[in-house]
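Structural characterization, general
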Amino acid sequence: FSVTGINIIADENYEDSYVGFFGYVESSTIENIKLYGNITVTEDTNASYVGGLAGEASDSTLKKCISHIDIVVESDVESVGGLLGCVSWAEEAVDISYCASVGDITTVYATCAAGLIGSISGCEDDVTISYCYYKGNLESEADFVGGIIGYAENDLIMTQVYTFATICDDLS
C-alpha cells in the first residue's frame, strides 16, 4: 500500500531517539509499502537515528519497501539513511530485499549517512541486502558517507545492489 503526504518534524518537543515512518522496528516483517513525503530533524532534538521507513530495524525482514522521502537533518545525530537509519543489535539474520530509497538527503552533523542504510552494527548474524537501490542527491559532512551504506561492521551479503547518487561531502 501507499502512504502519501508524510511530513515528520522532529524538533525540540520530539522525545524519541528514532525518527521515521516507523520509529523502531524489531522482529517484524514489512512488505509492499510505498512512502512519499518529508522528514525534517531540527537543531534541538533528541533524535539519533533517522530513516525514511524506520529509524532503526533489528531482527526484521523488509521486502518491496520504497521510501520516496526527502530528509533534512540539522541536528547532531548518529545515523541517517533513506530507507533505514540503522540496522543494529540483531540476534537473528536481517533480510532486506527489493527495496529502494528515492529522495534527497541533507545532513551536516551525522556520524553516518547513506542513501539506503546509514549504519549496520552489533548484529550477531548476517545482514543480507539484495536487489535494492538508492537514487537521489546525498549532501553530508558525516564521518562515514555512502551511496548504499555509510558504515558497516558486520558480515554483509549483498546481491544486485546499486546506486544512482550524486554525493557531496562539502556543504560549505
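This text goes with the structure placed above it.
These numbers were taken from a predicted model, which means no experiment stands behind them.

So, about the overall build of the protein. Looking only at helices and strands, the protein has 0 helices and 20 strands in total. Whereas a compact globule of 172 residues would reach a radius of gyration of roughly 16 Å, the protein reaches 14 Å, a difference of no more than 12%. Overall size of the protein, expressed as C-alpha extent along the three principal axes, is 35 × 30 × 25 Å. Sorting the 172 residues of the protein into buried and exposed places 49% on the buried side. Here the protein displays about 7,800 Å² of accessible surface, and carbon together with sulfur accounts for 42% of that area. If you average the places of the 4 positive and of the 28 negative side-chain charges in the protein, the two averages end up 23 Å apart.

An order of 3-6-9-14-18 is seen for the 5 strands of this open sheet, with the pairing classed as parallel. The open sheet has two edge strands, strand 3 (22-26) and strand 18 (149-152), and neither has a second partner. On average, adjacent strands in this sheet sit at an angle of 10 degrees to one another, irrespective of strand direction. When strand 6 (residues 54-58) meets strand 9 (residues 84-88), the two strands line up parallel, connected through 3 bridges. In the sheet register, Glu56 faces strand 9, and the bridge partner there is Cys86.

Right, let's talk about the packing of aromatic side chains for a bit. Enumeration over the complete set of coordinates arrives at 7 aromatic pairs. Consider the rings of Tyr98 and Tyr131, whose centres lie 4.9 Å apart with planes at 5 degrees: the pair is stacked. Residue Tyr98 is located in the loop between strand 10 (94-97) and strand 11 (100-102), and its partner Tyr131 is located in the loop between strand 15 (127-130) and strand 16 (133-140); the two are separated by 33 residues in the primary sequence. Among the aromatic residues, ring-to-ring pairing joins Tyr18, Tyr24 and Tyr49 into one connected group.

We now examine the sheet that holds strand 13 (residues 112-114). Hydrogen bonds between backbone atoms are what pair the strands of a sheet, whose relative direction is either parallel or antiparallel. Ordered in space as 2-5-8-13-17, the 5 strands form an open sheet in which the pairing is parallel. Because the sheet does not close on itself, it has two edges, and the strands there are strand 2 (18-19) and strand 17 (144-146). Note that strand 5 (residues 49-51) and strand 8 (residues 79-81) share 3 bridges and pair parallel. By the bridge assignment, Gly51 is partnered in strand 8 with Gly81.

On to the environment of Thr159. Along the chain, Thr159 falls in strand 19 (residues 156-159). When its relative accessible area of 32% is taken as the criterion, Thr159 is described as partly exposed. Residues Thr159 and Tyr131, spaced 28 residues apart in sequence, show a C-alpha to C-alpha distance of 6.2 Å. Sequence-distant contacts of Thr159, that is, excluding residues within four places in its chain, are made with Ile129, Ser130 and Tyr131.

Calculation rules
- Residues numbered from 1 in each chain as written.
- Predicted model: local features only at pLDDT ≥ 70, side-chain atom pairs only at ≥ 80, totals over all residues.
- Heavy atoms only, no water.
- Helix = DSSP H or I, 4+ residues; strand = E, 2+ residues; numbered from the N terminus.
- Rg over C-alpha atoms; globule rule 2.2 N^0.38 Å.
- Buried < 20%, exposed > 50% of the residue type's maximum accessible area, 1.4 Å probe, protein only.
- Areas by Shrake-Rupley, 256 points an atom, 1.4 Å probe, with all protein chains shown as cover.
- Lys, Arg positive; Asp, Glu negative; His and termini not counted.
- Charge placed at Lys NZ, Arg CZ, Asp CG, Glu CD.
- Pairing = 2+ DSSP bridges.
- Axes fitted to C-alpha atoms, helices over the stretch in contact; angles between N-to-C directions.
- Phe/Tyr/Trp six-rings, centres within 6.5 Å; stacked < 30°, edge-to-face > 60°.
- Contact = heavy atoms within 4.5 Å.

Any functional reading would require information beyond the geometric quantities listed.
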